[in-house]
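Structure assessment
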Amino acid sequence: MNTQILTLLENDARLTPSQIAVMLDMTEAEVAAQIAELERNGTILGYKTMVDWEKTDRESVSAMIEVKLTPQKDKGFDRVAEKLYNYPEVQSVYLMSGAYDLSVMIEGKTMKEVASFVSQKLSTIDSVISTATHFVLHKYKDKGIVYDLPEIDERGNFN
């Protein structure tokens, strides 16, 4: 049942134990107890709201940065990953297979702020060999949620 509860909550964190109980033919108390245990043991790490920030007046820039590293003795990539995920602008850090070792998602107020992060914080880490920064121009789908398509004017430009 835990997998079913987790799947339901992952798709809609607003579901109440009462609603989940009805969906899974359980009691509300059983569902609440299982959710509490999943939170306690660290399986459920938190609850997030997906926001389409393009529909607000908040200005921000997102970028995906590919990072090539020299692994550190006895620590591999973990020490650098830990250093990176502690920066407040870093949203995600993934160990990857392929040409680059880490994929880092960051958010800043401007492109200049993102560039400053790369040049002053990321590239100064001893193990970093190279980086490739890719700015997000538009989100179409994120974490399973489809965003509105951008409007295109008669000349083919995004509005």
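I will try to describe carefully the structure that is included in this document. In this text, all values refer to a predicted model and were calculated from it rather than measured experimentally.

Another aspect to go through is the packing of aromatic side chains. Throughout the structure, instances matching the rule amount to one aromatic pair. Consider the rings of Y87 and F117, whose centres lie 5.4 Å apart with planes at 90°: the pair is edge-to-face. Taken as a pair, Y87 in the loop between α4 (78-85) and β2 (90-95) and F117 in helix α5 (residues 111-122) lie far apart in primary sequence, 30 residues in all. Here Y87 falls in the buried class, since its relative accessible area comes to 18%. Residue class for F117 comes out buried when judged on its relative accessible area of 3%. For R58, the ring lying beneath its charged end belongs to W53, and the centroid distance is 4.1 Å.

So, about the pattern of salt bridges. In the structure shown here, the tally under the stated rule is six salt bridges. The closest approach of N and O atoms between E37 and R40, which form a salt bridge, is 3.3 Å. Taken together, the residues span about one helical turn, with E37 and R40 both in helix α3 (residues 28-40) at a distance of three residues. Look at R40 and you get exposed, because its relative accessible area is 62%. Here the residues in one salt-bridge network are K139, D142 and K143, joined through shared partners.

Since the α-helix turns once every 3.6 residues, residues separated by three or four places project in the same direction. The end-to-end C-alpha distance of α3, which contains 13 residues, comes to 18 Å, matching closely the 18 Å that a straight helix rising 1.5 Å per residue would cover. Taken together, the buried positions of α3 are V31, I35 and L38. Down the axis of α3, the buried set is contained in an arc of 60°. They therefore lie on one face. Set apart from the buried face of α3 by more than 90 degrees, the exposed residues are A29 and R40. Residues of α3 that are buried make contact with α1 (2-11) and α2 (17-24). Two residues or fewer past α3, G42 is found with a positive phi of approximately 85°.

With that out of the way, let us pick up unusual backbone geometry. Although it is not a glycine, D25 sits at a positive phi angle of roughly 55°. Position of D25 relative to the elements: it lies in the loop between α2 and α3. Classification of D25 as exposed rests on a relative accessible area of 74%. Residue K143 is not a glycine yet carries a positive backbone phi of 50°. For K143, the position within the fold is in the loop between β5 (141-142) and β6 (145-146). The class of K143 is exposed, set by a relative accessible area of 68%.

On to the sheet that holds strand β4 (residues 128-135), then. Strand pairing in a sheet is mediated by backbone hydrogen bonds. Such pairs are either parallel or antiparallel. In space, the four strands of this open sheet follow the order β2-β3-β1-β4, with antiparallel pairing throughout. With one partner strand each, in any of the chains shown, β2 and β4 form the two edges of the open sheet. Strand after strand, the sheet turns through a mean of 20° between neighbouring axes, direction not considered.

About the cut-offs
Residues numbered from 1 in each chain as written. Predicted model: local features only at pLDDT ≥ 70, side-chain atom pairs only at ≥ 80, totals over all residues. Heavy atoms only, no water. Phe/Tyr/Trp six-rings, centres within 6.5 Å; stacked < 30°, edge-to-face > 60°. Helix = DSSP H or I, 4+ residues; strand = E, 2+ residues; numbered from the N terminus. Buried < 20%, exposed > 50% of the residue type's maximum accessible area, 1.4 Å probe, protein only. Lys NZ or Arg CZ within 6 Å of the ring centre and 35° of its normal. Salt bridge = Lys/Arg side-chain N within 4 Å of Asp/Glu carboxyl O. Expected span 1.5 Å × (residues − 1). Arc of directions from axis to C-beta. Contact = heavy atoms within 4.5 Å. Pairing = 2+ DSSP bridges. Axes fitted to C-alpha atoms, helices over the stretch in contact; angles between N-to-C directions.

So, to be careful, I would describe these as geometric facts and stop short of saying anything about function.
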